[in-house]
Amino acid sequence: MNLFELQQGSSRELQLFPHIVSTGCKKNNAIHLESFRETAVDFFRIYNIIDGKYEWRVDEEDLHLYPGDTVLILPGRKLSSPKGFLEIGALAWIHFEIDCLDHAKFVPGRWSSLNESECYTIGRILLLNRSLAPSKACEASRILAALQSELLNQGIAFHTRVNQLLDELLVAIARELAKEANPGRDFSKVFFQLEKKLRDNLARQWSVEEMAATVGMGTTLFNVRVKSYTGFTPTNYLINLRIAEAIKLLRKPELNLTDIALDTGFCSSQHFSTTFKKLTGYTPSEFRKRNTGDT
Amino acid sequence: MDCIISIELGTNAVRVYAFDLQGQIIGSARGTYPTFHPYPDYSEQDPEQIFITMLYVLKNLLNEKIHSKKYRVTAMCFSASMHSLLAVDKNGAPLGNLITWADNRGQKEASALRGSPLAEEIYKATGTPIHPMSPLVKIAWLKDQQPGVFARTDKFMSLKSYIIQQLTGRIVLDHSLSSATGLMDIHKREWDPTALGYAGIRADQLPETVPINYSPGKLLNQYRVSLGVPSAMKILVGSSDGCFATLGAGVWDQHKATITIEDSAAVRVIGKDVLSDGKRRLFNYVLDDTHYVSGGPSNSGGVVFEWFAKQFGDFRNAFDLETCMEDLIKEAAMADPGAERLLFLPYLLGERAPIWNAQARGVFFGVNINHERKHFARAVIEGILYEMYSIERMLLEHRNIKEISVNGSFASIPFCTQLIADIFNLPVRVSANASSVSMGAYLLAATDIGVYKNIEEASRSVSLAETYRPNVRNSKVYAGYFSVFENLTGKLADDFEALANL
């Protein structure tokens, strides 16, 4: 194990990479009590556990980390250790800055060659999942090691290689997270999980990109798979769910139509009424009248 | 030009087909809906989602393939999965989800009833084996476990009744589906007082039971306008998926049987007599005023092979599950018949006919150090088909079956069809139609509007394509394996139970 630490500002190796805040590989030989206080994470942090067993907490979530595990901590999350110190062991890390990550978009920075829609998908996956990249994402640890070795050795075209490897690292982690979120071989299971999320959040304005990202797929493939599995485009499937739920709510006379429309994800009672009538021939209030014992 | 629409409310999806009056498919569409398992034995669906999905699919098909080509819809005929139950209150609102045929929550009620003297009487009167699938048992479960819902239930419906009520306002159920509820006297074709008594309900809490060619009236005006169909269009209640698949498979003769293997599976025959089975293993469902569809259902169909593919298939090159299964079938074909002494009992979901044992489990038997994946793949396919053959053997006690027709996505894979010919040692023909169920619905509607003289002539008009002939040498091999298969299944009954009780 090659122990080192590079810091932006003081390490010459990072001059060409202003987005990399720090990276390194270190061994912790002794316990320093109270050395690990809660920190609000400022940068994009990726850790790879090399040796030892760690217990960390990210926001409310307890992580038990073993050699081979990769942890990703997004800016804004709170990192702490329930014990208050860093356990004995060894780990590698990289902290880097990104331009933007929120529900609308993910912009890693000019160094990245990922395109806009790829970034969107990766961003959604990162935000929707836990911090731990599961199942010993060896891929990620190999890429991090390669990246660090490029930085230290500065071989031919290392400037490009380092940035490429950082992209690779993001992709590997996103894929690994998405794989855990869905058992990839079985689209029926993947779709069932998505369906549950849609049902639980019907009021939300889902975009197709967002639905695709939820199951870790690109939009084009997602469209094809959903159409071939359900017979519907994702948008039409969602409309079916909305109308079916609305029918249930319409049977409850105490609810008003605007609330039903908003609860089932229509942007207005007008929009609800047109869509409902187009499919059933009834306006929502006609349907309600017919189905609440009035006839 | 006139056309007929069939609407198939299946286990996972609604399929809508449009036929011209020569029986050619002029368009089809499908839309899926999910099954929920809130607890392991539960299997439920959302009736409103099914209704909306059906409307959507129907409307799109009409717009894209029918109205645009100036077809006129003459009749619309319904098919549905058997054994579903939906409790509905006095305002017509569902009290919870639809309980499907695959739901096993009533195991305790079913075994209590099976052990009681009522069992024989109810089975003989209703033709439905006593099993958690049966709405009779499901209602008994509701009475025991959810007395509040039971008391608030105004009508115990089937999915089809609910859908037809939405469309027409009438609450009806055809004789075929009624006869699969465990509540109808199949001889008199009316609700059976003994079964009603056991379930604790009155006949007026069930839909009106009507012949399969009954018309419940016109579409409600709003749906007629929204779908753009003529007001003269006739609605036929239709039959069950099982009965229609048999009708559409063209097996009208005494010496023919049909095998359907989709996710689940069945072997069926048509006849004028109820087949009485002392061990209460066969079903007898009503087709029309003079005919019954009899046979045995199995849980162990294509779903078992799909499980194998998901667990052990090679997904490195396969784009999806279908490709992976195709690859495995190619591999299986490389192994010899009998898979070098490897046998598989396919009871991953328990089993219905012939053993009716919910506790049964899957078994690989005879594993040897030389066995490879191809042997396992072959053994799984052979095991599924031995199970079909064991149902056929029950039917052989009543019928002299000389010819088989197969339909359904798994049975019509050429490799599987040839295996069926070899294992059954009978010539096998494949239905030319993509869906025998919808073909059956078309035949009923076409008979109703006068294309055929009667339903028998309609069924005989079905053309069956290629014939697979048994390979005599392989048949002998399989006969030997089948007897071990049958022995094993019998011997393991106690151990299945012991395992379940651990």
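Small disclaimer: the values here were computed from a predicted structure and weren't measured. (Residues numbered from 1 in each chain as written. Chains lettered and ligands numbered in written order. Predicted model: local features only at pLDDT ≥ 70, side-chain atom pairs only at ≥ 80, totals over all residues. Heavy atoms only, no water.)

Notes on the overall build of chain B
Then comes step 1: Helix and strand counts for chain B stand at 18 helices and 22 strands.
Then comes step 2: Dimensions of chain B along its principal axes, counting C-alpha atoms only, are 70 × 55 × 45 Å.
Then comes step 3: Across the 502 residues in chain B, those meeting the buried criterion constitute 62%.
Then comes step 4: When the accessible surface of chain B is summed, it comes to about 18700 Å², and 50% of that surface belongs to carbon and sulfur atoms.
Then comes step 5: Of the side chains in chain B, 49 bear a positive and 54 a negative charge, and the two mean positions are spaced by 3 Å. (Helix = DSSP H or I, 4+ residues; strand = E, 2+ residues; numbered from the N terminus. Buried < 20%, exposed > 50% of the residue type's maximum accessible area, 1.4 Å probe, protein only. Areas by Shrake-Rupley, 256 points an atom, 1.4 Å probe, with all protein chains shown as cover. Lys, Arg positive; Asp, Glu negative; His and termini not counted. Charge placed at Lys NZ, Arg CZ, Asp CG, Glu CD.)

Details of the sheet that holds strand β21 (residues 428-431) of chain B
Residue and element names in this part refer to chain B.
Then comes step 1: Strand order in this open sheet of 7 strands is β16-β17-β15-β14-β20-β21-β22, and the pairing throughout is mixed. Each end of this open sheet is capped by a strand with a single partner; those strands are β16 (283-286) and β22 (464-468). Across the sheet, the mean angle separating the axes of adjacent strands is 30° when strand polarity is ignored.
Then comes step 2: Note that strand β14 (residues 256-261) and strand β15 (residues 265-271) share 4 bridges and pair antiparallel. Its bridge partner lying in β15, Ile-261 is registered against Ala-265.
Then comes step 3: Strands β14, β15, β16, β17 (292-298) and β20 (403-407) of the sheet are contacted by helix α10 (residues 241-248), whose axis makes an angle of about 65° with β15. (Pairing = 2+ DSSP bridges. Axes fitted to C-alpha atoms, helices over the stretch in contact; angles between N-to-C directions. Contact = heavy atoms within 4.5 Å.)

Some words on the pairing of strand β13 (residues 234-240) of chain B
Residue and element names in this part refer to chain B.
Then comes step 1: Counted residue by residue, β13 has 6 buried out of 7 residues, so it is predominantly covered.
Then comes step 2: Bridge count between strand β5 (residues 72-80) and β13: 5 bridges; the pairing is parallel. Considered in β13, the bridge of Ala-80 is made with Ser-240.

Considerations on the environment of Lys-278 of chain A
Then comes step 1: Topologically, Lys-278 of chain A is positioned in helix α9 (residues 269-280).
Then comes step 2: Counting along the chain gives 223 residues from Lys-278 of chain A to Glu-55 of chain A, while the straight-line C-alpha distance between them is 56 Å.
Then comes step 3: Beyond its immediate chain neighbours, meaning those up to four positions away, Lys-278 of chain A contacts Lys-59 and Ser-226 of chain B.

Quick look at the interface of chain A and chain B
Then comes step 1: Listed per partner, the contact involves 33 residues of chain A and 35 residues of chain B.
Then comes step 2: Here chain A packs against chain B, burying approximately 2800 Å² in sum over the two surfaces, 54% of which is carbon and sulfur.
Then comes step 3: Our count for the chain A to chain B interface comes out at 3 salt bridges.
Then comes step 4: Among the ionic pairs, Arg-251 of chain A bridges to Glu-48 of chain B, the shortest N-O distance being 3.2 Å.
Then comes step 5: Counting across the chain A and chain B interface gives 13 residue pairs in polar contact (both at pLDDT 80 or more).
Then comes step 6: At the level of secondary structure, the elements contributing two or more residues to the side of chain A that touches chain B comprise α4 (187-200), α6 (219-230), α7 (234-250), α9 and α10 (284-291) of chain A.
Then comes step 7: Considering each element in turn, the side of chain A that touches chain B owes the most residues, 9 residues, to α7 of chain A.
Then comes step 8: Residue composition of the side of chain A that touches chain B, grouped by class: 13 nonpolar, 11 polar and 9 charged. (Buried area = accessible area lost by both parts, 1.4 Å probe. Salt bridge = Lys/Arg side-chain N within 4 Å of Asp/Glu carboxyl O. Polar contact = N/O pair within 3.5 Å; in protein donor to acceptor, adjacent residues only side chain to side chain. Nonpolar A, V, L, I, M, F, W, Y, C, P; charged D, E, K, R; others polar.)

Some words on the packing of α4 of chain A against α7 of chain A
Residues and elements named next belong to chain A.
Then comes step 1: Relative orientation of the contacting elements α4 and α7 amounts to 50°, with a least axis distance of 11 Å. Classified by the angle between their axes, α4 and α7 sit oblique to one another. Judged by the twist between their axes, the crossing of α4 over α7 is right-handed. On the side of α4, the interface is formed by Phe-191, Glu-195, Leu-198 and Arg-199, while α7 contributes Tyr-237, Leu-238 and Leu-241.
Then comes step 2: Grouping the constituent residues of the contact of α4 with α7 by class yields 5 nonpolar, no polar and 2 charged. (Parallel < 35°, antiparallel > 145°, perpendicular 65-115°, else oblique. Left-handed = near helix turned anticlockwise from the far one by under 90°.)

Points about the side chain of Thr-280 of chain A
Then comes step 1: Considering the arrangement of structural elements, one finds Thr-280 of chain A in helix α9.
Then comes step 2: Here Phe-276 of chain A takes part through its backbone oxygen, which lies 2.8 Å from a polar atom of the side chain of Thr-280 of chain A.
Then comes step 3: Among all residues touching Thr-280 of chain A, those that are not within four sequence positions of it are Ile-52, Leu-55, Gln-222, Tyr-223 and Ser-226 of chain B.

Structural notes on the environment of Ile-5 of chain B
All names here are of chain B.
Then comes step 1: By the element assignment, Ile-5 lies in strand β1 (residues 2-9).
Then comes step 2: Using a relative accessible area of 0% as the deciding quantity, one classes Ile-5 as buried.
Then comes step 3: Along the chain, Ile-5 and Phe-283 lie 278 residues apart, while their C-alpha atoms are 29 Å from each other.
Then comes step 4: If we ignore the near neighbours within four places in the chain, the residues touching Ile-5 are Val-16, Tyr-17, Ala-18, Leu-58, Leu-62, Ile-66, Val-73, Ala-75, Met-76 and Cys-77.

A look at the domain arrangement of chain A
Residues and elements named next belong to chain A.
Then comes step 1: The assigned domain composition of chain A is domain 1 (4-181) and domain 2 (183-295).
Then comes step 2: With centres defined by C-alpha atoms, the gap from domain 1 to domain 2 works out at 38 Å.
Then comes step 3: Contact residues are listed per partner, giving 8 residues for domain 1 and 10 residues for domain 2.
Then comes step 4: With both chains or domains summed, domain 1 and domain 2 bury close to 720 Å², and 54% of this area falls on carbon and sulfur atoms. (Domains from an automatic or database assignment.)

A few points about the packing of aromatic side chains
Then comes step 1: Under the counting rule described, the total for this entry stands at 40 aromatic pairs over all chains.
Then comes step 2: Centre to centre, the rings of Phe-44 of chain A and Phe-106 of chain A are 6.2 Å apart; their planes meet at 25°, and the pair counts as stacked. Here Phe-44 of chain A is found in strand β4 (residues 44-52), whereas its partner Phe-106 of chain A is found in strand β11 (residues 106-107), with 62 residues between them in sequence. Of the two residues, Phe-44 of chain A and Phe-106 of chain A, neither departs from the other in class, the shared state being buried.
Then comes step 3: Cluster of aromatic residues (ring-pair linked, three or more members): Phe-266, Phe-272, Phe-276, Tyr-282 and Phe-287 of chain A together with Phe-51 and Tyr-223 of chain B.
Then comes step 4: The lysine or arginine in question, Lys-26 of chain A, covers the ring of Trp-93 of chain A, its NZ or CZ lying 5.7 Å from the ring centre. (Phe/Tyr/Trp six-rings, centres within 6.5 Å; stacked < 30°, edge-to-face > 60°. Lys NZ or Arg CZ within 6 Å of the ring centre and 35° of its normal.)

Some details on the nonpolar core
Then comes step 1: By size, the foremost hydrophobic cluster in this structure holds 205 residues, and its most contacted members are Ile-5, Ile-7, Leu-9, Met-54, Phe-305 and Ile-381 of chain B.
Then comes step 2: Of the residues forming this core, the biggest block, 13 residues, is contributed by helix α13 (residues 373-396) of chain B.
Then comes step 3: Ile-94, Ile-125, Phe-158 and Leu-169 of chain A belong to the second largest nonpolar core, which has 37 residues in total. (Core = buried A, V, L, I, M, F, W, Y, C linked by side-chain atoms within 4.5 Å.)

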